[in-house]
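The residues making up each chain are set out below.
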Amino acid sequence: MVSENVTNWHLAHGRKLLLGEKGRLMAIVNVTPDSFSDGGRHFSVERAVEHALSCIAEGADILDIGGESTRPGGDPVSAAEEQDRVAPVIERLAKETDALLSIDTYRAETARVAVAAGAHIVNDVFGLQREPDIAEVAAKTGAGLCIMHTGRDRQKLADVVADQFAFLERSLEIAVAAGVARQAITLDPGFGFAKETTEENLELMARLEEVSALGYPLLVGTSRKRFLGTVTGREPADRDAATAATTALLRLKGASVFRVHNVAINRDALLVADAMMAAGRKAARECVK
């Protein structure tokens, strides 16, 4: 179990989110027909908004809205189609809830449109390295920026943590050059994104505190991923218990934000992990008296 510094994540529209005292939940809102776990279930403005509001009721702090599936082999969409899917959902949610809104995109223009519609966070699964101008959008709008590691479309280093540093340090150079504030950045180790084997994902879980050495809060997304299916033998829709187990374990390893499909079960996992961490801190203080 590692200790974690308390910090404010600086976001667009003057918002902040306190990280460190307790784990935070980011609910997945896929406005897509082909996402690996829930494709098509929320593929309309009304259904997406209804699902998002139910996630808030279950305890989500952030709603992560995406208009293009990032699963391996997913069908690409145009920037215009992506924006047509997500912008109406973000506009509705900005009016109907005070929850924090995130846009799941690697496109600079989609990020700009989303923040203008009310999004507070830009979540880039290509770590600013597909469209580097997305960093300028974050800098100019003051949006929170989640920079995710990926192994797609490149040669990875053999050591899983060394590859994290090699990729994310380049991403951070792009962010700094664009003027993104340090307090606006979180990092995501990208579980499942070209981590081709179960062993690679599990090793990354076991060594997550090493990634923390980069000095930024960590956002993680293990929800219903294939490696959990390999471990448990379960299909995507039946992997929520396994996801909750990783949520508790990664919270103890220092992760701050958890991107999930099932908010309720992961809320309970975080409550237990946070209570255990609080008890450990209390015991440590009493030992030094």
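These numbers come from a predicted model, not from an experiment.

Rules used in this analysis
- Residues numbered from 1 in each chain as written.
- Predicted model: local features only at pLDDT ≥ 70, side-chain atom pairs only at ≥ 80, totals over all residues.
- Heavy atoms only, no water.
- Helix = DSSP H or I, 4+ residues; strand = E, 2+ residues; numbered from the N terminus.
- Rg over C-alpha atoms; globule rule 2.2 N^0.38 Å.
- Buried < 20%, exposed > 50% of the residue type's maximum accessible area, 1.4 Å probe, protein only.
- Contact = heavy atoms within 4.5 Å.
- Areas by Shrake-Rupley, 256 points an atom, 1.4 Å probe, with all protein chains shown as cover.
- Lys, Arg positive; Asp, Glu negative; His and termini not counted.
- Charge placed at Lys NZ, Arg CZ, Asp CG, Glu CD.
- Phe/Tyr/Trp six-rings, centres within 6.5 Å; stacked < 30°, edge-to-face > 60°.
- Lys NZ or Arg CZ within 6 Å of the ring centre and 35° of its normal.
- Pairing = 2+ DSSP bridges.
- Salt bridge = Lys/Arg side-chain N within 4 Å of Asp/Glu carboxyl O.

### Structural notes on the overall build of the protein chain
Helix and strand counts for the protein chain stand at 10 helices and 10 strands. Computed over the C-alpha atoms, the radius of gyration of the protein chain is 18 Å, within 12% of the 19 Å expected from 2.2 N^0.38 for a compact globule of 289 residues. Looking at the protein chain residue by residue over its 289 residues, the buried ones come to 54%. For the protein chain, contacts bridging at least 24 residues in sequence account for 68% of all contacts bridging at least 6. Of the roughly 12,400 Å² of accessible surface on the protein chain, 51% is carried by carbon and sulfur atoms. A gap of 4 Å separates the mean positions of the 34 positive and 41 negative side-chain charges of the protein chain.

### Quick notes on the packing of aromatic side chains
For any two aromatic rings, the description comes down to two numbers: the centre-to-centre distance and the angle of the planes. In total, this model carries 2 aromatic pairs according to the counting rule given. With a centroid separation of 5.3 Å and 80° between ring planes, the pair formed by Tyr-106 and Phe-126 is classed as edge-to-face. With Tyr-106 in the loop between strand E5 (100–104) and helix H3 (108–117) and Phe-126 in the loop between strand E6 (121–124) and helix H4 (133–141), this pair connects stretches of sequence that are 20 residues apart. Residue Tyr-106 shares its accessibility class with Phe-126, and that shared class is buried. Both rings, one in Phe-191 and one in Phe-227, keep their centres 6.3 Å apart while their planes meet at 25°; by these two values the pair is stacked. With a gap of 36 residues between them, Phe-191 in the loop between strand E8 (185–188) and helix H6 (198–206) and Phe-227 in helix H8 (residues 226–232) connect regions that are remote in the sequence. Residue class for Phe-191 comes out buried when judged on its relative accessible area of 1%. The buried category is assigned to Phe-227, whose relative accessible area is 4%. Its guanidinium or amino end placed over the ring of Tyr-106, Arg-130 lies 4.5 Å from that ring's centre, counting from NZ or CZ.

### Observations concerning the sheet that holds E8
Strand order across the open sheet formed by 8 strands is E8-E7-E6-E5-E4-E3-E10-E9, with parallel pairing between neighbours. Two strands in the sheet have a free side with no partner beyond their single neighbour: E8 and strand E9 (219–220). Strand direction decides the pairing type here: strand E3 (residues 24–30) and strand E10 (residues 257–260), joined by 4 bridges, are parallel. Bridge assignment links Arg-24 to a residue of E10, and that residue is Val-257.

### Quick word on the pattern of salt bridges
Taken as a whole, this structure holds 21 salt bridges when the rule is applied. A salt bridge links Arg-92 to Glu-96; the shortest N-O distance between them is 2.5 Å. Separated by 4 residues within a single helix, Arg-92 and Glu-96 lie in helix H2 (residues 79–96), roughly one turn from each other. Owing to a relative accessible area of 40%, Glu-96 belongs among the partly exposed residues under this scheme. Between Glu-203 and Arg-207 there is a salt bridge, with its nearest N and O atoms 2.7 Å apart. On the basis of relative accessibility, which here comes to 33%, the residue Glu-203 falls in the partly exposed class. Residue Arg-207 is classed as buried on the basis of its relative accessible area of 18%. Each of the salt bridges in this network shares a partner with another, and the network as a whole consists of Asp-159, Glu-203, Arg-207 and Glu-210.

Shape is all these values report; function is a separate question.
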